[in-house]
Amino acid sequence: SEVRVDAFDKVTGRTKYYEDRMPGDALYVRIKHSTIAHGFVKNIDTSCAEKIPGVVKVLTCFDVPDIPFPTAGHPWSMDPGHQDVKDRLLLNRHVRYYGDDVAVVIAENEVAANQGVRALKVEYEELPFVLDVQEAMKDGAPQLHDSCPNNILKHTSIQKGNYAEAIKEPGLIKVEGWYETPTVQHCHIENHGCFAYEENGRITVVASTQIPHIIRRVVGQALGRPWADIRIVKPYIGGGFGNKQDALYEPLCAWCCTQVGGRCVRIDCAREETFVTWLHKDGTLAARKVECFSNQGAYASHGHSIVAKAMGSFPQIYPCNNFEGDAYTVLTNRPAAGAMRGYGMPQASFADDSNIDECARTLGMDPMDYRDKVIMPKGFVDGFSKNENYYDSFRMCLEKGAEAIDYRRKVQEYAKDTGPVRRGIGLAAFWYNTAVYPISLETSSNRMLLNLDGTVTMQCGETEIGQGADTAYSQMTAEVIGLKSYRDVHVVSCQDTDITPTGLG
């Protein structure tokens with residue numbers, strides 16, 4: 001454990017975030033959000049807003065380029081079948097959730113921008129809306145995107161062995177249930193924000209983002225410009241947690257800048273699963289079936305990859321020879337869902353381990369003893385990724401954890417509690433793999449400079465978002481090169497796509 005390389009500047013307030021770099025004459029962009037959940041914008045009366053002193057320009061969904069673009073922070077693929085879904089416009093005439101972006105006001109100051117937004121008069125053609133995943137999949141439900149019949153963005157499945165035959169075995173015990181997780185938000189200390197300006201025919205966007213190189217590509221796509229026309233600068237970030245693994249308002253900010261002559265403008269700003277598990281009388285898993293439904297909201301964003309990754313965990317942590325899995329990503333008239341800490345695994349693990357607890361309870365076994373019986377063994381190989389478990393690490397971790405919290409003694413002690421208020425103790429296991437190979441190939445790179453005093457300056461495309469990455473980079477670099485101290489490695493924490501080597505976040 002070492003002192004973080006960015007610790008002193010952050011706690012003393014010296015660190016420069018995107019807002020600290022903001023030019024003093026930046027124009028304010030404020031967004032008009034829809035007040036209906038589903039429908040079409042018929043007309044926007046901008047006359048009152050345009051008369052407000054300080055308002056420079058008003059732009060609506062009728063002004064933006066008709067260029068659909070994606071927002072997910074995924075690697076680019078030349079194969080159209082592996083590209084992210086292009087379902088966004090900079091501003092939307094087809095409103096798909098309460099709060100969708102329909103117009104912007106650009107003004108000399110924040111007060112004028114806010115007054116301008118309030119002065120806009122929007123006329124809608126309102127349509128029926130749907131919020132529930134099961135309802136959205138039914139015939140006759142309101143349709144959000146023409147390319148997604150029954151609002152199913154994508155459906156994938158896993159099959160192993162023969163589930164249908166396996167459950168016919170006499171004497172099996174059936175354990176099933178629904179598990180639902182709530183909608184949450186990342187709540188990082190620094191809200192997302194960005195500013196953009198034109199210089200020498202190119203657009204520079206300074207943004208609080210986890211994925212500067214991907215943002216460069218997405219902004220180019222959204223504006224119909226060559227990617228080389230775009231430069232992204234990422235200062236220090238005040239927290240990301242996956243929220244800033246999407247293109248948020250960078251494309252809109254860049255476009256607004258082009259509409260005011262290149263002047264600098266600024267924009268500040270469920271998943272449900274159902275299970276059925278069949279057990280032999282000795283408790284071993286005979287067959288398992290899981291259906292995962294992701295309430296994606298109005299737009300694809302990271303889309304199906306999150307719930308598909310979640311589904312892939314079920315046949316691994318508790319392997320079963322006869323397994324069926326289906327994952328559905330369903331569009332509803334809610335705000336779009338995207339990446340967040342753990343990328344689907346916390347929700348999947350909640351459902352999976354809840355079901356395993358139900359299995360243990362049905363058999364009358366202690367939850368830890370039951371996990372010891374069915375959890376991933378040493379030597380397990382995943383058929384899809386070819387990942388192999390080299391150690392009996394799950395059981396080792398459970399034993400260490402149980403010892404640390406005095407699990408077995410407390411289970412016996414708490415079992416004696418009576419009355420309406422009782423004590424309890426539990427445990428759960430967690431499985432997670434990083435990266436997306438073999439679905440696509442993720443790449444990263446860095447650049448090292450030997451300085452005249454023998455120290456090293458290192459640039460990396462991957463971003464420090466509070467997790468201590470820059471400190472880890474400096475430690476690894478010092479160890480590999482043979483420097484005495486990680487303090488002899490100077491990590492350039494702020495990325496600039498014109499200079500920093502490529503990294504995909």
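Refer to the structure presented above.
Residues numbered from 1 in each chain as written. Predicted model: local features only at pLDDT ≥ 70, side-chain atom pairs only at ≥ 80, totals over all residues. Heavy atoms only, no water.

Chemist: So what exactly am I meant to see when it comes to the overall build of the chain here?
Modeler: When its secondary structure is counted, the chain shows 13 helices and 19 strands. The C-alpha radius of gyration computed for the chain amounts to 26 Å, which stays within 12% of the reference 23 Å derived for 505 residues, consistent with globular compactness. By its C-alpha atoms, the chain is 75 × 70 × 50 Å across when sized along the principal axes. Buried positions account for 51% of the 505 residues belonging to the chain. Accessible surface, the chain as shown: approximately 24,000 Å² in total, 52% of it carbon and sulfur. Charge-centre separation for the chain: the mean point of 53 positive side chains lies 2 Å from the mean point of 65 negative side chains. (Helix = DSSP H or I, 4+ residues; strand = E, 2+ residues; numbered from the N terminus. Rg over C-alpha atoms; globule rule 2.2 N^0.38 Å. Buried < 20%, exposed > 50% of the residue type's maximum accessible area, 1.4 Å probe, protein only. Areas by Shrake-Rupley, 256 points an atom, 1.4 Å probe, with all protein chains shown as cover. Lys, Arg positive; Asp, Glu negative; His and termini not counted. Charge placed at Lys NZ, Arg CZ, Asp CG, Glu CD.)

Chemist: For this particular structure, what's the right way to read the side chain of Thr477?
Modeler: By the secondary structure assignment, Thr477 is in helix H13 (residues 469-481). With a relative accessible area of 6%, Thr477 lands in the buried category. When sequence neighbours within four positions are dropped, the list of residues in contact with Thr477 reads Met448, Val456, Met458 and Val489. (Contact = heavy atoms within 4.5 Å.)

Chemist: What's the story with the nonpolar core in this structure? I'm lost.
Modeler: Soluble globular proteins tend to pack their nonpolar side chains together in the buried interior. Core analysis: the largest hydrophobic core is formed by 56 residues, its most contacted members being Leu252, Cys256 and Val265. Residues in contact with Val265, not counting those within four places in the same chain, are Leu27, Val29, Ile106, Cys194, Phe195, Ala196, Cys253, Cys256, Cys257 and Val260. Counting 32 residues, the second largest nonpolar core, distinct from the first, contains Ala360, Met368, Met376 and Phe394. (Core = buried A, V, L, I, M, F, W, Y, C linked by side-chain atoms within 4.5 Å.)

Chemist: Quick question: what am I supposed to make of helix H11 (residues 393-404) here?
Modeler: Each full turn of the α-helix corresponds to 3.6 residues, which orients residues three or four apart in the same direction. With twelve residues, H11 extends 16 Å from end C-alpha to end C-alpha; this agrees with the ideal 16 Å at 1.5 Å per step. If you follow the buried residues of H11, they end up packed against helix H8 (304-317), helix H10 (367-374) and helix H12 (407-414). (Expected span 1.5 Å × (residues − 1).)

Chemist: How should the pattern of salt bridges be read in this particular structure?
Modeler: A side chain of one charge can pair with a side chain of the opposite charge when the charged atoms of the two come close. Taken as a whole and assessed by the stated rule, the structure comprises 31 salt bridges. Arg30 is the salt-bridge partner of Glu110, the closest N and O atoms lying 2.9 Å from each other. Taken as a pair, Glu110 in helix H3 (residues 110-119) and Arg30 in strand S1 (residues 27-33) lie far apart in primary sequence, 80 residues in all. The class of Glu110 is partly exposed, set by a relative accessible area of 38%. On the accessibility criterion, Arg30 (12% relative accessible area) is buried. Taken together, the shared-partner salt bridges connect Glu19, Arg30, Glu110, Arg266 and Asp268 into one network. (Salt bridge = Lys/Arg side-chain N within 4 Å of Asp/Glu carboxyl O.)

Chemist: Help me understand the pairing of strand S10 (residues 202-207) in this model?
Modeler: Each regular strand displays side chains that alternate between the two surfaces of the sheet. The element S10 is largely enclosed, with a buried count of five among its six residues. In the sheet, strand S9 (residues 193-199) pairs with S10 via six bridges, with the strands oriented antiparallel. Residue pairing across strands places Tyr197 opposite Thr204, the latter belonging to S10. Turn length for the S9-S10 hairpin, with the two strands adjacent in sequence and antiparallel, is two residues, and the turn residue Asn200 shows positive phi of about 55°. Across four bridges, S10 lies against strand S11 (residues 230-234) in parallel orientation. Looking across to S11, one finds that Val206 is bridged to Val233. For the crossover from S10 across helix H6 (residues 212-223) to S11, the handedness is right-handed. (Pairing = 2+ DSSP bridges. Right-handed = clockwise from strand over helix to strand, strands pointing away.)

Chemist: I keep staring at the sheet that holds strand S4 (residues 94-95) and nothing clicks. Help me out?
Modeler: Strand pairs in the sheet, formed through backbone hydrogen bonds, run parallel or antiparallel to each other. Strand order in the open sheet formed by three strands is S4-S2-S6, and the pairing between neighbours is antiparallel. Bordering the open sheet on either side are S4 and strand S6 (121-126), each of which pairs with just one other strand. Two elements, strand S2 (residues 39-45) and S6, share six bridges in a ladder whose sense is antiparallel. Pairing of Ile44 across the sheet is with Val122, part of S6.

Chemist: What should I look at first to understand H13 in this one?
Modeler: Here H13 contains 13 residues, and its C-alpha end-to-end distance of 18 Å stays within 8% of the 18 Å for a straight helix at 1.5 Å per residue. For H13, the complete set of buried residues consists of Ala469, Asp470, Thr471, Tyr473, Ser474, Thr477 and Ala478. Considering only its buried residues, H13 is in contact with strand S16 (446-450), strand S17 (456-460) and strand S18 (489-492). Just past H13, the residue Gly482 takes up positive phi, approximately 100°.

Chemist: Mind showing me how you'd approach the pairing of S1 here?
Modeler: For S1, the buried fraction is high: six of the seven residues fall into the buried class. As paired elements, S1 and strand S12 (residues 265-268) share two bridges and run parallel to each other. In the sheet register, Tyr28 faces S12, and the bridge partner there is Arg266. Where S1 and strand S5 (residues 101-107) come together, six bridges link them in antiparallel fashion. Bridge pairing links Val29 to Ile106 in S5.

Chemist: Mind showing me how you'd approach the sheet that holds S12 here?
Modeler: Ordered in space as S3-S5-S1-S12-S9-S10-S11-S19, the eight strands form an open sheet in which the pairing is mixed. Strands with a single pairing partner mark the edges of an open sheet, and in this sheet they are strand S3 (55-60) and strand S19 (495-496). Where S9 meets S12, four bridges bridge the pair, whose relative direction is antiparallel. Note that in S12 the partner of Cys194 across the bridge is Ile267.

Chemist: So what exactly am I meant to see when it comes to a nonpolar patch on the surface here?
Modeler: There is a patch of nonpolar side chains on the surface, built from Trp76, Met78 and Trp227 and spanning about 370 Å² of accessible area. Along the polypeptide, Trp76 turns up in the loop between S3 and S4. (Patch = residues over 30% accessible without salt bridge, like charges linked within 9 Å, V, L, I, M, F, W, Y side chains within 5 Å.)

Chemist: Before we go on, may I ask you to explain unusual backbone geometry in this structure?
Modeler: Keep in mind that most residues, glycine aside, have a negative phi and that most peptide bonds are trans. Of note, Phe241 is a non-glycine position whose phi angle comes to about 60°, a positive value. Mapped onto the secondary structure, Phe241 falls in the loop between S11 and helix H7 (250-258). With phi around 50°, Ser301 is a residue other than glycine that occupies positive phi space.

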